[in-house]
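If you want the building blocks of each chain, they are given just below.
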Amino acid sequence: MKIKANKIIDSIKVEVKAKVNAYRIKGINPTIQTIIASNNTAIKPYVLSKIKQADNLGITMKIIELAANKKHEACEALIRVSNNDNSIHGIIIDLPVRADLDHNRLLSILDQKKDIDGLNPLNQALIQQGQENKAICPAAPQACIKLAESIDWLSGKQVVVIGRGPTVGKPLATMLINRNATVTIVHSHSKDLATILTPARFIFTATGQPGLLNANNVTAKHVIIDAGIAYKNDKLVGDFDVEAANKVMAYSSVPGGVGSLTSVIIFSNLLKCMNMQGYF
Ligand SMILES: NC(=O)C1=CN([C@@H]2O[C@H](COP(=O)(O)OP(=O)(O)OC[C@H]3O[C@@H](n4cnc5c(N)ncnc54)[C@H](OP(=O)(O)O)[C@@H]3O)[C@@H](O)[C@H]2O)C=CC1
Ligand SMILES: Nc1nc(=O)c2c([nH]1)NC[C@@H]1CN(c3ccc(C(=O)N[C@@H](CCC(=O)O)C(=O)O)cc3)C=[N+]21
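Each value, and the rule that gives it
- Residues numbered from 1 in each chain as written.
- Chains lettered and ligands numbered in written order.
- Predicted model: local features only at pLDDT ≥ 70, side-chain atom pairs only at ≥ 80, totals over all residues.
- Heavy atoms only, no water.
- Pairing = 2+ DSSP bridges.
- Helix = DSSP H or I, 4+ residues; strand = E, 2+ residues; numbered from the N terminus.
- Axes fitted to C-alpha atoms, helices over the stretch in contact; angles between N-to-C directions.
- Contact = heavy atoms within 4.5 Å.
- Right-handed = clockwise from strand over helix to strand, strands pointing away.
- UniProt positions renumbered as here; feature names shortened; annotations may be inferred.
- Near = heavy atom within 4 Å.
- Polar contact = N/O pair within 3.5 Å; in protein donor to acceptor, adjacent residues only side chain to side chain.
- Areas by Shrake-Rupley, 256 points an atom, 1.4 Å probe, with all protein chains shown as cover.
- Core = buried A, V, L, I, M, F, W, Y, C linked by side-chain atoms within 4.5 Å.
- Buried < 20%, exposed > 50% of the residue type's maximum accessible area, 1.4 Å probe, protein only.

1. Overview of the sheet that holds strand β1 (residues 31-36)
Reading across the sheet, the three strands line up as β2-β1-β3 and stay open at both edges, with parallel pairing between neighbours. Two strands lie at the open edges of the sheet, namely β2 (60-65) and β3 (90-93), each paired on one side alone. Direction aside, neighbouring strands of the sheet carry axes that sit 20 degrees apart on average. Inspection of the sheet shows β1 paired to β3 by four bridges, in the parallel sense. The partner of Ile35 across the bridge, within β3, is Ile93. Sheet strands in contact with helix α9 (residues 258-276) are β1, β2 and β3, and its direction is about 120 degrees off that of β1.

Structure representation (structure tokens):
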């Protein structure tokens with residue numbers, strides 16, 4: 001069974017649209033600054049999707065790209081300008097950034113109150129402490145959790161997270177612990193994936209390795225939440241080989257799953273950030 005993201009997306013959009021309209025009536029124009037300093041192909045569908053959704057929701061999306069010849073300091077300067085610009089309410093740095101830039105340093109100088117993807121160390125620490133209500137939580141892990149919870153509750157369940165990257169795997173694992181799941185984290189050094197996966201109810205995967213999950217390592221008891229993004233023969237694909245779709249209990253598709261939900265959750269995060277900045 002393919003997990004449906006549409007209803008969840010639509011209900012978030014209705015809520016966001018109403019709040020954005022209320023701000024616009026007051027003369028406040030909710031605005032996001034996207035900073036691109038990357039040459040990774042996974043950025044493209046995200047940028048396109050955010051532009052389309054922002055337009056649909058009445059949110060202004062500004063995009064600035066760090067020129068190829070500019071160095072780390074220039075990227076920091078872009079962030080500081082947006083931090084200090086009162087007409088910008090949310091900032092997102094699309095990851096991964098270029099290999100010569102220090103992404104941890106860039107995320108750490110983001111104004112926490114404008115950190116709409118919740119990747120600043122202060123937001124991460126609040127999540128680590130189990131204080132998600134005080135934090136902005138990263139959009140993609142939130143999307144993964146919403147899709148999983150549309151199938152079954154997480155508390156007490158064995159779950160495996162494949163990938164320990166900064167945007168999905170690592171924050172997601174912590175957010176799953178906060179929901180009382182029993183979490184196993186798998187990465188590129190892990191051995192015997194099939195054996196690790198056997199006892200799991202949910203498998204969350206975020207590696208960008210197409211086919212990593214396939215007919216040889218999934219079972220009829222598994223619910224698969226696929227956040228992976230890659231291109232195979234010019235087609236957008238996740239980590240799960242959909243040829244094995246009939247072997248599992250449920251799976252989220254790529255496209256049409258985690259990504260599509262992520263690109264609306266970022267806007268509900270924007271509204272939470274605006275509240276923190278004193279906009280009501
Ligand atoms: N759908 C969405 O909304 C979003 C999708 N993404 C996508 O999710 C993926 C993960 O992004 P991000 O969190 O930034 O992580 P990274 O892309 O930085 O890291 C990938 C992770 O996958 C692990 N990995 C790679 N190969 C294997 C393997 N064969 N077996 C097990 N683990 C493996 C790596 O292990 P190690 O640490 O050992 O190197 C690493 O932890 C990417 O494809 C990205 O494009 C990201 C954000 C949102
Ligand atoms: N700080 C940061 N946060 C992220 O969440 C983040 C990031 N950086 N860098 C890039 C990856 C990738 N990512 C996607 C989000 C939505 C879609 C998406 O909307 N996909 C649609 C449409 C895809 C299409 O058909 O083009 C779908 O899956 O249905 C894709 C990819 C977020 N990422």
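2. Points about the pairing of strand β5 (residues 182-186)
In terms of strand pairing, strand β4 (residues 158-162) meets β5 through five bridges, oriented parallel. Among the inter-strand pairings, Val160 is bridged to a residue of β5, identified as Thr184. The β-α-β motif built from β4, the intervening helix α7 (residues 169-178) and the parallel element β5 has right-handed crossover chirality.

3. Describing the UniProt feature "domain: Tetrahydrofolate dehydrogenase/cyclohydrolase catalytic" (unreviewed entry) in the protein chain
Sites flagged by UniProt as "domain: Tetrahydrofolate dehydrogenase/cyclohydrolase catalytic" (unreviewed entry) map to residues 3-117. For residues 3-117, helix accounts for 48% and strand for 14%, while the C-alpha atoms at its two ends are 24 Å apart.

4. A few points about the site of ligand 1
Near ligand 1 there are 23 residues, and of these Arg164, Thr167, Ser188, Ala227 and Thr262 occur at the shortest range. A distance of 2.9 Å is found between an oxygen atom of ligand 1 and a backbone nitrogen or oxygen belonging to Val168. Taking Gly208, its main chain carries an N or O atom lying 3.3 Å from an oxygen atom of ligand 1. Computed on the free molecule, ligand 1 has an accessible area of 910 Å², of which 73% lies beneath the protein chains in the complex. The greatest single-element share of the shell around ligand 1, amounting to three residues, is contributed by α9.

5. Side note on the site of ligand 2
In the vicinity of ligand 2 there are 19 residues, among which Tyr46, Ser49, Leu95, Asp117 and Gly256 approach most closely. One of the backbone N or O atoms of Gly256 is found 2.6 Å from an oxygen atom in ligand 2. One of the side-chain N or O atoms of Ser263 is found 3.1 Å from an oxygen atom in ligand 2. For ligand 2, the protein covers 82% of the area, taking 680 Å² as the surface of the free molecule.

6. Section: the nonpolar core
Counting residues in each nonpolar core, the largest one holds 55 residues, and the members touching the most others are Ile59, Leu176, Phe204, Ile225, Leu261 and Phe267. In terms of residue count, α9 provides more of this core than any other element does, 10 residues in total. Ignoring sequence-local partners within four residues, the contact set of Ile225 consists of Ile3, Cys144, Leu147, Ala148, Ile203, Phe204, Thr205, Ser252 and Val258. Counting residues in each nonpolar core, the second largest holds 17 residues, with Leu66, Leu95, Leu106 and Leu110 among its members.

7. Quick word on unusual backbone geometry
With an omega of -5 degrees, the peptide bond between Leu95 and Pro96 qualifies as cis. The omega torsion across Val254 and Pro255 is 0 degrees, close enough to zero to call that bond cis. Turning to its location among the elements, Pro255 is positioned in the loop between β10 (250-251) and α9. A positive phi angle, close to 65 degrees, is found at Asn180, a residue other than glycine. Tracing the sequence through the fold places Asn180 in the loop between α7 and β5. Positive phi outside glycine occurs at Asn233, with the angle close to 45 degrees. Assignment of secondary structure puts Asn233 in the loop between β8 (230-232) and β9 (235-237).

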